[in-house]
2 protein chains.
Amino acid sequence: MARASVEAERKEQILAAACEVVSEIGFKSLRIADVAKRAGTSTGTVHYYFDTKRDLMHAAFDWNFEQSMGRRREILESDAAPRQRLRDFVESYLPEGDATIAAWHVWAELWVEALHDPDLQELNERVYGEWRRAVAAIIRDGQDAGEFRDGDAVIFANGLIGMIDGLSLQVLLGSRSMTADRMRAVCEQVLEWFFLTP
Amino acid sequence: MARASVEAERKEQILAAACEVVSEIGFKSLRIADVAKRAGTSTGTVHYYFDTKRDLMHAAFDWNFEQSMGRRREILESDAAPRQRLRDFVESYLPEGDATIAAWHVWAELWVEALHDPDLQELNERVYGEWRRAVAAIIRDGQDAGEFRDGDAVIFANGLIGMIDGLSLQVLLGSRSMTADRMRAVCEQVLEWFFLTP
DNA sequence: CGGTCGATTGACTGACCAGTCAATCATTCG
DNA sequence: CGAATGATTGACTGGTCAGTCAATCGACCG
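The residue numbering used here restarts from 1 in each chain and proceeds along that chain's sequence as written. To label them, take the chains in the order written and letter them from A, then take the ligands in the order written and number them from 1. Since the coordinates come from a predicted model, pLDDT governs what is reported: local features require at least 70, and pairs of side-chain atoms require 80 or more to be given and counted, while whole-chain, interface and lining totals use all residues. Only hydrogens and water are set aside when side-chain values are computed; all heavy atoms of the structure are taken into account.

(A) Structural context of the protein's contact with DNA strand C. Taken together, 17 residues are adjacent to DNA strand C, and Arg10(A), Thr41(A), Tyr49(A), Arg31(B) and Lys53(B) come closest. Those atoms of DNA strand C that come within 4 Å of the protein belong to sugar or phosphate at a rate of 73%. We define a polar contact as two N or O atoms separated by no more than 3.5 Å, with the added condition that, inside protein, one atom must be a possible hydrogen donor and the other a possible acceptor, whereas residues neighbouring each other in sequence contribute only through side-chain atom pairs. At 2.5 Å from a phosphate oxygen of DNA strand C is found a side-chain nitrogen or oxygen belonging to Arg10(A). Between DNA strand C and the protein, one listed contact pairs a phosphate oxygen with a side-chain N or O atom of Thr45(A) at 2.8 Å. Strands are runs of DSSP state E lasting at least two residues, helices are runs of H or I lasting at least four, and both sets are numbered from the N terminus onward. Considering each element in turn, the surface near DNA strand C owes the most residues, five residues, to helix H3 (residues 43–49) of chain A. Residue polarity is assigned by list, with Asp, Glu, Lys and Arg as charged and Ala, Val, Leu, Ile, Met, Phe, Trp, Tyr, Cys and Pro as nonpolar; anything else, Gly included, falls into the polar class. Its residues assigned to classes, the surface near DNA strand C comprises five nonpolar, seven polar and five charged. Only heavy atoms are used to decide nearness, and a residue is near a molecule or strand if one of them lies within 4 Å of it.

(B) Focus on the packing of aromatic side chains. Pairing of aromatic rings covers Phe, Tyr and the six-membered ring of Trp, with a centre-to-centre limit of 6.5 Å; geometry is then stacked below 30 degrees between planes, edge-to-face above 60, and tilted otherwise. Tallied over the entire structure, the rule returns 30 aromatic pairs over all chains. A ring pair is formed by Trp104(A) and Trp111(A), whose centres lie 6.3 Å apart and whose planes are at 55 degrees; its orientation type is tilted. Each member of the pair, Trp104(A) together with Trp111(A), is buried. Both rings, one in Trp104(B) and one in Trp131(B), keep their centres 6.4 Å apart while their planes meet at 85 degrees; by these two values the pair is edge-to-face. With a gap of 27 residues between them, Trp104(B) in helix H6 (residues 98–114) and Trp131(B) in helix H7 (residues 118–144) connect regions that are remote in the sequence. Using a 1.4 Å probe on the protein chains alone, a residue whose accessible area is under 20% of its type maximum counts as buried, one over 50% counts as exposed, and one in between counts as partly exposed. Using a relative accessible area of 3% as the deciding quantity, one classes Trp104(B) as buried.

(C) View of the pattern of salt bridges. Definition used for salt bridges: Asp or Glu carboxyl oxygen within 4 Å of a side-chain nitrogen of Lys or Arg. The full count for this structure, using the stated rule, is 28 salt bridges over all chains. Residues Asp117(B) and Arg54(B) are paired through a salt bridge, measuring 3.2 Å at the closest nitrogen-oxygen approach. A residue pair is termed long-range when its members are at least 10 positions apart, and Asp117(B) in the loop between H6 and H7 and Arg54(B) in helix H4 (residues 53–77) qualify at 63 residues. Residues Arg87(B) and Glu192(B) are paired through a salt bridge, measuring 3.7 Å at the closest nitrogen-oxygen approach. In this pair, Arg87(B) is assigned in helix H5 (residues 82–93) and Glu192(B) in helix H9 (residues 180–194), connecting sequence segments 105 residues apart. Relative accessible area serves as the criterion here: at 31%, Arg87(B) is assigned to the partly exposed category. Through salt bridges with shared partners, one network takes in Glu91(A), Glu96(A), Asp181(A) and Arg184(A).

(D) Quick peek at the relation of the copies chain B and chain A. Mapping chain B onto chain A calls for a screw motion: a turn of 180 degrees about the axis and a shift of 0.0 Å along it, with 0.0 Å RMSD after fitting. Interpreted geometrically, this transformation is the action of a two-fold axis. Ranked by how close their C-alpha atoms come to the rotation axis, the residues of chain B are headed by Met163(B), at 1.8 Å. Whether two residues are in contact is decided by their heavy atoms: any pair within 4.5 Å suffices. The residues that chain B uses at the interface reappear at the interface of chain A in 100% of cases, marking a shared surface. A least-squares fit on C-alpha atoms brings the copies together, and the residues used are those whose pLDDT is at least 70 in both copies.

(E) Inspection of the nonpolar core at higher detail. Of all hydrophobic cores here, the largest spans 138 residues; its most connected members are Leu86(A) and Leu86(B). Sequence-distant contacts of Leu86(A), defined by excluding residues within four places in its chain, comprise Val135(A), Ile138(A), Ile139(A), Phe148(A), Leu160(A), Leu191(A), Phe194(A) and Phe195(A). We call a set of buried residues a nonpolar core when its members are Ala, Val, Leu, Ile, Met, Phe, Trp, Tyr or Cys and they connect through side-chain atoms within 4.5 Å of each other.

(F) Molecular detail of helix H2 (residues 32–39) of chain B. Residue and element names in this part refer to chain B. When H2 is considered as a whole, its buried residues turn out to be Ile32, Val35, Ala36 and Ala39. Seen end-on, H2 carries its buried residues on one side only, within an arc spanning 100 degrees. Immediately downstream of H2, the backbone of Gly40 shows phi near 70 degrees, a positive value. The arc in question is formed by the directions pointing from the helix axis toward the C-beta atoms.

(G) Layout of the packing of helix H6 (residues 98–114) of chain A against helix H8 (residues 153–172) of chain A. All names here are of chain A. Angles here are taken between N-to-C directions and fall from 0 to 180 degrees, while the axes themselves are lines fitted to C-alpha atoms, restricted in helices to the stretch in contact. Close contact between H6 and H8 brings their axes to 11 Å; oriented N to C, the two are set at 110 degrees. In terms of orientation, H6 lies roughly perpendicular with respect to H8. Contact with H6, carried on its side by Ile101, Trp104, His105 and Trp111, involves Ile164, Asp165, Ser168, Leu169 and Leu172 of H8 and no other residues of that element. When the residues that make up the contact of H6 with H8 are grouped by side-chain class, the tally is six nonpolar, two polar and one charged. Roughly parallel covers angles under 35 degrees, roughly antiparallel covers those over 145, roughly perpendicular covers 65 to 115, and oblique covers all other angles.

(H) Seen up close, the protein's contact with DNA strand D. Taken together, 17 residues surround DNA strand D, and among them Arg31(A), Lys53(A), Arg10(B), Thr41(B) and Tyr49(B) come closest. Backbone atoms, meaning sugar plus phosphate, form 68% of the atoms of DNA strand D positioned within 4 Å of the protein. Measuring from a phosphate oxygen of DNA strand D, one finds a backbone N or O atom of Lys53(A) at 2.6 Å. Tyr49(B) is positioned such that a nitrogen or oxygen atom in its side chain is 2.7 Å from a phosphate oxygen of DNA strand D. Counting residues per element, the surface near DNA strand D draws most heavily on helix H3 (residues 43–49) of chain B, at five residues. Residue classes in the surface near DNA strand D are distributed as five nonpolar, seven polar and five charged.

Dropping the structure here:
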């Protein structure tokens, strides 16, 4: 059964292609034919692995998240000081560099699609939960170490993540008043207030 | 030329209908026929006033913003204390109540559409600029009155607005962990840190 | 070698919908 | 009244595309 690997490999190709296309032209404009072309295959093959466009996109959104999380595993599992870990985490989400920007684009498309799709809301909930837990854990570590301000870690985490999402959107929109550098400055300022300077 | 008023009135009907439909089913699923039906007219009439779907949606996004701003004029121009004005402003953006939620939906659709449409990016830039100026002005008032923490008012404004955007998205997505009430709590906490308690 | 079956292809179809247009209606004005 | 012009209608068209399918390929095995 050497062919079992073909399925996984081909699916991965197609999902990566789907994410690239979504990031470049948006979900609304995406055609199965675009994905097939990008994946170097035919529309028939795309449909062989994913019954409907909706199935394909759900899988692609899921895959996009797994990839993003994978890229950050190192930071989250690092044993650096809480301050550094939180700084690294925030830095890694700044919409800079092709991979990060593309992942943000896909993520933004998911949000809007999810407004009218309970299954995607579920995916968002799961993913957002992972973020929140990861950030809250760092914050609790920092509080235990006396490095961070006291207060409800979950509220801090929600505020920080929300801010990152909102600012990233503006950066992605090419705002002249909110560039990645300016976003970095805002985030650093917020972290500064949050860190206790003994 | 009594008929000049017809144009404005009909356009308004159509734009309002377009926003309702976008908010209910999303831009991607919106059909001109849906808008026509909602406005109580025909597809022909919609096309009589708006050449293309794109024209219609741009005008609708614009209209949605004007309406939102209109609903907040009272707060922004109030002569209440800066603390109260900032609280009222934040409160008015919580995704609660049909009108506010619908406006947020439309706004979210604009964001994603704008990722691939420079004209809409321009609209976002204009609108976001107005927000930022309004909030920064309140913050400066508060700082001058010695009620708010010192620091760059623009950075504060950007951070606060970004956070509101990001949190609102999660609320709109029906997140169990981010309800309007929880968002209110996060915002209040942030404002609390920001206000000086003499 | 020839049979089996997973994988791949792309032409095709049926549904959908933005935008057009010829016809009709309504208001104004000479 | 009866033209002229603005407003409205909805049937229709042309193009688009998701999903289907019959044909083909090619790896593996007996």
